[in-house]
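Summary of structural features
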Amino acid sequence: MKISNILTKDVFLNAFEICKEYAKEDFILDINFRLLKDVLLETSREKMSQFYDDFISTDVILAVPEMFSTDIVSIPKGMTGVREYRFFSMYSMVLYNAIGLLFVECTDTNLRDLNFNQKYIYPFYPTKFHKDKDNWKASSDYKEGYSDFLSTLNQQLVVGDIVLRIDISKYFEEMQHKILIKIMQDYASPSLLTKYNLNGESNTITGLDFYFDSLMNKTQSIPQGRKNFVSDYLGYLYLVPFDVKVKELVKSNIMKFKSMVRYVDDIFIIFNKTEETIKNKEVFKELLSIEQRINSWLFDELQLTTNAAKTDRKIIKNSEERRGFLRFTRKTVSSPISKNKLNYQLIYFQNSLRKFKIKEAFSFLLTGEDRENLKVIFDPKFQNYLFQKENVDRTKLILNEITFDLTADYINILIALFFIRRKKKGGNKFTTHLIKFIKKDLNLSDRRHIHILFTALAQNIDKTEEVVIRKKIKADSEILRSNNYGKYLLAFFKIRRKAKREPNLLGQTVYERITEEYIVRKINNNKFFYDIENHYNNLINELIRSPFKDEEAIIQQLIYYANSILNQKWDLAFNYLNNFFHEFCKVQYELKDTDNINSVINKTSHLLELNELMTIRKFYNYRNFNSISHPSQKGTPSIKISGKILTNYHHTILPIVLKIMKNRE
């Protein structure tokens, strides 16, 4: 499974530099990155290189969840819904980016050579990777990438065209790991597959699949986050087979394929009639047939489903219909705004801003057009116009009326309104509206309010404002602690739980690790663990400094042990713990495969106490009488291993292993 067989130190360190580069940016909307910013900037390339040697090259990383796994965080979506985000600790973030960079390295050249644009297929995605000498650089400019997508769609769709818009349901959540890896192999350069040991169905491919499954704790889905370079690319890559196949899938006798434009999973397929005399009802019937073929292919080949309710079929009969269909593509993302249009843009902006208000006859609906109207706030020319006194006054009147609860899903756009130019002469006259909401109406049991607050905190608010917010956070600490998103506010304000808790079996949780990385940051004496008193962390810390780290059989059993605990499969975990202990003793005392418990006792009796020797005997007895290894004994059903039993042996066997390891000759 050796992950180092596919992941070189150069690629790993390249990923570290990409993460570190983003941490240098001033305007960070990604809360996970905001918490890791300082530790990323303070961690040296030498320390990361040492981490590779100790944890990656040995595969030990896959036995330490706090360093390779993620924490599930639910953030607001829409008015009252939620979406799943994944938060990484520093090392897990670098590792994920390194794995993703491997996909980029292997597929980039071949995908460029496909020249999709020459075939009238136009795929877009937020993050672009390019080689600078021997290293990859990542540039993630949503405004530019999305604007290019909108521009291409505007150019391609004209009066007389037929368009089929396809919406894929839960795209990132449904991406299958095995299929993703197979796509990478299919579109990779053969020489690079050989270089990184990614040919065929080798152990390294199994290890790559195991990594993704362990990362997500399921066989599908990739992490989503506000700034996730790798997931952007993987989201693009997963649909490349569809880009290749689409012309064949949409073949028709009455319609001719014109082009396909997609932004990640937002797909527009454009056709022309083969003859003007073809009736519209024939066109719609044919579109349904094509749609069915596409849906079947997406499910059969990629395990993806489409959202029928959001699929759109349209014949563009005139300019008015074209404008109506393309209304969501109003190009306010990054296009320069001419003087005579500024007032119209302000009217659009203010009209969309007014919609964040609960009315008596309650209805709240912001369209794609409204979202684009609001994005004009990122344009410097519009900012200059907005900050003229009369425009400030009118906008402040609107802000007095809005309901901030409704802004959560748009706060990544609106935050610019509240914080741009704050440090410049004259300041920002709109910030007070957001701060007033935070001071007066903030409800920390409402996930939407947590999201709004976090986005504001990421902009480095004033110290006086922070003092007021801290009091609120401290007063509601128990409410926040039980919220998988709110608990990160406690980390942000460095509010720790004082009461002792039961230690985790596998070291710190990802959340605890992130908290330590944010508050403590550096670890002395070149150690990699904050909680060295934990039996498991202590064992790993000793293991990476011993010859045992090169014993593949020992590391393998430890990896499976950790994975079984994460999945709460106590019987399996118990067996892997026993296998780990037995493999360890075989190496330490040069035992044969046929040696049994008595051989282990004889070899350890000079070092261990009587109670420790008894623990080992009981441990082996359980192994020979549990549902995984031995379902029954002389007709008596085996004992089911519970979490309590496993925990007991975890806390007694690991210290014994540690004791033997520290006293090795």
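What comes next concerns the included structure. Just so you know, these numbers come straight off a predicted model, no measurement behind them. (Residues numbered from 1 in each chain as written. Predicted model: local features only at pLDDT ≥ 70, side-chain atom pairs only at ≥ 80, totals over all residues. Heavy atoms only, no water.)

1. Some thoughts on helix H25 (residues 510-519)
- Of all 10 residues in H25, 10 are buried; the element is thus mostly enclosed.
- Within the span of H25, buried status applies to Val 510, Tyr 511, Glu 512, Arg 513, Ile 514, Thr 515, Glu 516, Glu 517, Tyr 518 and Ile 519.
- Of the surrounding elements, those touching the buried residues of H25 are helix H2 (31-42), helix H4 (65-68), strand S1 (70-77), strand S2 (81-88), helix H5 (90-113) and helix H24 (487-492).
- The positive-phi residue at the C-terminal boundary of H25 is Arg 521, with phi of around 65 degrees. (Buried < 20%, exposed > 50% of the residue type's maximum accessible area, 1.4 Å probe, protein only. Helix = DSSP H or I, 4+ residues; strand = E, 2+ residues; numbered from the N terminus. Contact = heavy atoms within 4.5 Å.)

2. Overview of the pairing of strand S7 (residues 255-263)
- Among the 9 residues that make up S7, 7 are buried, leaving the element largely enclosed by the rest of the structure.
- Here 4 bridges tie strand S3 (residues 121-124) to S7, and the two strands are oriented parallel to one another. Bridge pairing in S7 places Pro 123 opposite Arg 262.
- Between S7 and the antiparallel strand that follows it, strand S8 (residues 266-273), lie 2 residues; Val 264 among them carries a positive phi value of about 55 degrees. (Pairing = 2+ DSSP bridges.)

3. Quick notes on a positive patch on the surface
- On the surface, Lys 463, Arg 470, Lys 474 and Lys 494 cluster together into a positively charged patch.
- With respect to the secondary-structure elements, Lys 494 resides in the loop between H24 and H25.
- By relative accessible area, Lys 494 is classed as partly exposed at 44%. (Patch = residues over 30% accessible without salt bridge, like charges linked within 9 Å, V, L, I, M, F, W, Y side chains within 5 Å. Areas by Shrake-Rupley, 256 points an atom, 1.4 Å probe, with all protein chains shown as cover. Salt bridge = Lys/Arg side-chain N within 4 Å of Asp/Glu carboxyl O. Lys, Arg positive; Asp, Glu negative; His and termini not counted. Charge placed at Lys NZ, Arg CZ, Asp CG, Glu CD.)

4. Some thoughts on the side chain of Asp 409
- Note on placement: Asp 409 falls in the loop between helix H18 (389-401) and helix H19 (411-419).
- The class for Asp 409 is buried, based on a relative accessible area of 17%.
- Polar contacts involving the side chain of Asp 409 include one to the main-chain amide nitrogen of Gly 78, which spans 3.3 Å.
- If we ignore the near neighbours within four places in the chain, the residues touching Asp 409 are Pro 76, Lys 77, Gly 78, Arg 83 and Arg 371. (Polar contact = N/O pair within 3.5 Å; in protein donor to acceptor, adjacent residues only side chain to side chain.)

5. Here's the deal with the sheet that holds strand S9 (residues 312-315)
- The sheet built from 5 strands is open, its strands ordered S3-S7-S8-S6-S9 with mixed pairing. Each edge of the open sheet carries a strand with a single partner, namely S3 and S9. When strand polarity is set aside, the average angle formed by the axes of neighbouring strands in this sheet is 15 degrees.
- Here helix H6 (residues 142-156) sits on the sheet and contacts S3, S7 and S8; the angle it forms with S7, its principal contact strand, is near 165 degrees.
- Strands S3, S7 and S8 of the sheet are contacted by helix H12 (residues 240-249), whose axis makes an angle of about 165 degrees with S7. (Axes fitted to C-alpha atoms, helices over the stretch in contact; angles between N-to-C directions.)

6. Overview of the pairing of strand S5 (residues 135-140)
- Where strand S4 (residues 127-132) lies against S5, 6 bridges are found, and the strand directions are antiparallel. The partner of Lys 131 across the bridge, within S5, is Trp 136.
- Taken together, S4 and the strand that follows it, S5, pair antiparallel across an intervening segment of 2 residues, in which Lys 133 is found at a positive phi of about 60 degrees.

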